[in-house]
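# Chain and residue survey
Spelled out, the chains give:
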Amino acid sequence: MNTLLTELKAIFKDDMRTDAATKEEYSHDASIYELVPEAVISPKNTRDVSRLIAFVTAHKHSYPSLALTARSAGTCMSGASIGSSLVVDMTRHFNTIHTASSTLLHTQPGVYIRDIDPELAKHNAMLGCIPASRALNTIGGMVGNNSAGEQSLRYGNTDKSVRELSVVLRDAQEYIFAPINKKQLDVKMKQSNFEGEIYRRVYQLIEANYDEIKQARPRAHKNSMGYNLWAVWDRDTGIFDLTQLLTGSQGTLGIITDIKMAAVPKAKHSGLLLVYLTNVKHLGEIIPLVTSHHPATFEGFDDITFNLGIKYFTMFRKQLGTKEWLKQQTMLLGSVAKFRGHLPNIIMMVEFEGDTYDEVNSKIVALDNDLKNHRIKVRTEIEGNEELSKPFWEIRRASLALLRNQIHGKYAAAFMDDMAVEPRFVPEFFPQVRKIVRKYKLAATIAGHFGDGNFHIIPLMTITDPAEQLKIEPAMRELIPIVLKYGGTMAGEHNDGMIRGPWLRTQFGDTMYELFKDTKEIFDPEYIFNPHKKTDASWDYSMDHIRSNRSRNFYK
Ligand SMILES: Cc1cc2nc3c(=O)[nH]c(=O)nc-3n(C[C@H](O)[C@H](O)[C@H](O)COP(=O)(O)OP(=O)(O)OC[C@H]3O[C@@H](n4cnc5c(N)ncnc54)[C@H](O)[C@@H]3O)c2cc1C
């Protein structure tokens, strides 16, 4: 391997790092895992990506463990942006926004969302799939994971927004993928190159298993498990779209070098109704009532998260700037004072939008009245203007980072972190999940995209303790049948990686699992892209690589 690294160093020079500090930094993402890379390489352009892929393909036979793991900001919670061979860092050079308009963003994949946001805001636009990690993550990672966020209630996961992807495949060539009609597909399938082979084989695979594939899509608002085969080919519309397969593929099919993504309009006015539950057991009953009012976004978090948010609000100082931070802190303290020391168990944030302030207000008041008449007594508070709601949004969006950074000696262990079911099932589903949390004595916190029936239940664990680790597998084994009973998914947005990859067969069944595997092998028969993730993951390998240290502070 040393000879190979020397050869690579001659090509990539300062853009290749093998020092201990870099390896340590890149050996973690936001998952419970740790894989130490041999080297971290930052390609300057598509030609570099091609050279890297050609190099790995040429030497794979002699060095079977040689592989490439694409990595953007490394905030993945499923362990898919770490690798034990070569990590390809996309943030150093692939960071140009080409164009931004009110309807479309054209960008390189390594651009941070915090840099994209202001560009789109100039056009009164935003991304509809933006995750809570928006202060930390990149657009390439969003496509890689098929991420989602608070706006996904209306706009879906990232797959719904992607319009075109440039991807370097295993033959080291860059191809542009976008939706095409059957006539264009027929032309593609006649090509004698690797691209032609991909179109031919994926089309045949889907055609031969059409009904099975269509039915396999989880019946939840959101899903980021498996490969999106069900969204590639539609006999009714005649549209064939490989961007759907590449989105959410976690760098296991190729490396994305360019992205076109739809932008959506920013609302003229918005306002928030805060709903406070005294007991988490009421969550299941209140969620469907709130969703029946069709809010624009519907998020929430628990008292542990809220307490941390209040205590560590200083964390946001750098991100917000001192003036804005002071303003928000004052508003937050004003809100907290109203609780007189009795924080609610769950805080729900229900946001409505409209063209006028009055329109927003009437929607809020309608829900407020319905809640007041409900048999479960809840407290509510109208934060009618956007300013007042800002600190709550900061806490919700940073909820996971607060747990990761501020609870000493415990690790926010993401393994039951992303289940999603249709909201109508929440009243039945949620108590069953809580039963398992109690059974395994998991000190879990709750946050999530409540409107989508998508829950982030994050146990705080001493992750290095074998006794704690032993709880993970049986808890997963008990959770999956509950999720499946309601047609849901174990991952609404955090994808498979090392944590859920080993459970793909259980979630989707043997036939679909084999079809996912076939899909992987059409693109990557030698497994040069991101091994041990998704269909290539194994529970033993994952559990052998549980992280040894505590946490990475994402807000440093
Ligand atoms: C505090 C916190 C909050 C979070 N909240 C949310 C949330 O609300 N919603 C949500 O969906 N997720 C959330 N996440 C998870 C994560 O932030 C998102 O999935 C995010 O979009 C990942 O972006 P990234 O730039 O960090 O990607 P990375 O972690 O670097 O990569 C993610 C995946 O994409 C692949 N990839 C990256 N770049 C490329 C490329 N150029 N070509 C091919 N593959 C590539 C990687 O191999 C990996 O499999 C959260 C994480 C944290 C730490």
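One structure accompanies this document, and this report is about it.

Rules used throughout
- Residues numbered from 1 in each chain as written.
- Predicted model: local features only at pLDDT ≥ 70, side-chain atom pairs only at ≥ 80, totals over all residues.
- Heavy atoms only, no water.
- Helix = DSSP H or I, 4+ residues; strand = E, 2+ residues; numbered from the N terminus.
- Buried < 20%, exposed > 50% of the residue type's maximum accessible area, 1.4 Å probe, protein only.
- Contact = heavy atoms within 4.5 Å.
- Areas by Shrake-Rupley, 256 points an atom, 1.4 Å probe, with all protein chains shown as cover.
- Lys, Arg positive; Asp, Glu negative; His and termini not counted.
- Charge placed at Lys NZ, Arg CZ, Asp CG, Glu CD.
- 1 Å grid on protein atoms, 1.4 Å probe; cavity = no way out; pocket = protein on both sides within 12 Å on 5 of 7 lines; lining within 4 Å.
- Points joined across faces, edges and corners; volume = space filled by probe spheres on them.
- Nonpolar A, V, L, I, M, F, W, Y, C, P; charged D, E, K, R; others polar.
- Near = heavy atom within 4 Å.
- Polar contact = N/O pair within 3.5 Å; in protein donor to acceptor, adjacent residues only side chain to side chain.
- Pairing = 2+ DSSP bridges.
- Axes fitted to C-alpha atoms, helices over the stretch in contact; angles between N-to-C directions.
- Core = buried A, V, L, I, M, F, W, Y, C linked by side-chain atoms within 4.5 Å.
- Phe/Tyr/Trp six-rings, centres within 6.5 Å; stacked < 30°, edge-to-face > 60°.
- Lys NZ or Arg CZ within 6 Å of the ring centre and 35° of its normal.
- Parallel < 35°, antiparallel > 145°, perpendicular 65-115°, else oblique.

It is worth spelling out the overall build of the protein chain at this point. Counting its secondary structure elements, the protein chain contains 24 helices and 22 strands. For the protein chain, the proportion of its 556 residues judged to be buried stands at 61%. A separation threshold of at least 6 residues defines the contact pool for the protein chain, and within that pool the share at least 24 residues apart is 75%. Only carbon and sulfur atoms are counted for the fraction: they give 51% of the accessible area of the protein chain, which is about 21100 Å². Where the 68 positive side-chain charges of the protein chain centre and where its 66 negative ones centre are 3 Å apart.

So, about empty space enclosed by the protein. Summed over the entire model, instances satisfying the criterion amount to two cavities of 30 Å³ or more. Quantified by volume, the largest cavity comes out at close to 690 Å³. Around the largest cavity, the lining comprises 46 residues; the ones closest to its centre are Thr75, Cys76, Gly141, Asn145 and Ser147. For the lining of the largest cavity, the secondary structure elements donating two or more residues are strand 3 (68-71), helix 5 (139-145), strand 13 (255-262), helix 16 (386-397) and helix 17 (399-406). Looking at the lining of the largest cavity residue by residue, the classes come out as 20 nonpolar, 21 polar and five charged. Computed from the structure, the second largest cavity encloses a volume of approximately 40 Å³. For the second largest cavity, the full set of lining residues is Thr305, Ser399, Leu400, Leu403, Thr445, Ile446, Ala447, His456 and Ile458.

So, on to the site of the ligand. Close to the ligand lie 37 residues; Ala70, Ser72, Thr75, Ser133 and Ala148 are nearest. In the model, an oxygen atom of the ligand is placed 2.7 Å from a nitrogen or oxygen of the Ser133 side chain. Within the complex, 99% of the 980 Å² of free accessible area of the ligand lies under protein. For the shell around the ligand, the secondary structure elements donating two or more residues are strand 3, helix 5, strand 13 and helix 17. It is helix 5 that provides the largest number of residues to the shell around the ligand, a total of five residues. When grouped by side-chain class, the residues that make up the shell around the ligand number 17 nonpolar, 18 polar and two charged.

It is worth spelling out the sheet that holds strand 2 (residues 39-41) at this point. Ordered in space as 1-2-4-3, the four strands form an open sheet in which the pairing is mixed. Of all the strands in the sheet, just strand 1 (16-17) and strand 3 have a single pairing partner and so form its edges. Where strand 2 meets strand 4 (residues 86-89), three bridges bridge the pair, whose relative direction is parallel. Residue pairing across strands places Ala39 opposite Leu86, the latter belonging to strand 4. The sheet contacts of helix 3 (residues 46-59) involve strand 2, strand 3 and strand 4, and relative to strand 3 the element is tilted by about 155 degrees.

Right, let's talk about the layout of surface pockets for a bit. Empty space within the largest pocket amounts to approximately 980 Å³. Secondary structure elements with two or more residues in the lining of the largest pocket: helix 4 (113-121), strand 15 (269-277), helix 13 (317-320), helix 14 (322-337), strand 17 (346-354) and helix 16. The element contributing the most residues to the lining of the largest pocket is helix 16, with seven residues.

Further remarks concern the environment of Pro466. On the secondary structure map, Pro466 appears in helix 19 (residues 466-469). Along the backbone, Pro466 and Thr75 are 391 residues apart, and their C-alpha atoms lie at a distance of 25 Å.

Counting 118 residues, the largest nonpolar core has Leu127, Val202, Phe240, Leu283, Met348, Phe415 and Ile457 as the members making the most contacts within it. If sequence neighbours within four positions are ignored, Leu283 has contacts with Leu277, Ile346, Met348, Phe430, Phe450 and Phe455.

We now examine the packing of aromatic side chains. Tallying each qualifying case throughout the model produces 17 aromatic pairs. Their ring planes at 85 degrees and their centres at 6.1 Å tell us that Phe429 and Tyr486 sit as a pair that is edge-to-face. Within this pair, whereas Phe429 is found in helix 18 (residues 426-439), its partner Tyr486 is found in the loop between helix 20 (472-485) and helix 21 (497-500), the two being separated by 57 residues in sequence. In this structure an aromatic cluster arises from ring pairing among Phe298, Phe425, Phe429, Phe430, Phe450, Phe455 and Tyr486. The ring of Tyr112 carries Arg114 above its face, with NZ or CZ at 4.1 Å from the centroid. Here the guanidinium or amino end of Arg235 rests over the ring plane of Tyr210, the centre of that ring lying 3.8 Å away.

This paragraph deals with the packing of helix 14 against helix 16. Interhelical geometry of helix 14 versus helix 16 gives an angle of 95 degrees and a closest axis separation of 9 Å. Here helix 14 lies roughly perpendicular to helix 16, going by the angle between them. On helix 16, the residues that touch Glu324, Lys327, Gln328, Met331, Leu332 and Ser335 of helix 14 are Glu387, Leu388, Lys390, Pro391, Phe392, Glu394 and Ile395. Residues belonging to the contact of helix 14 with helix 16 are distributed by class as follows: six nonpolar, two polar and five charged.

The three strands are arranged 10-12-11 in an open sheet whose pairing can be described as antiparallel. Bordering the open sheet on either side are strand 10 (180-181) and strand 11 (233-234), each of which pairs with just one other strand. In this sheet, strand 12 (residues 239-240) lies alongside strand 10 in antiparallel orientation, the contact comprising two bridges. Considered in strand 12, the bridge of Ile180 is made with Phe240.

Treat this as a map of the structure, not an account of what it does.
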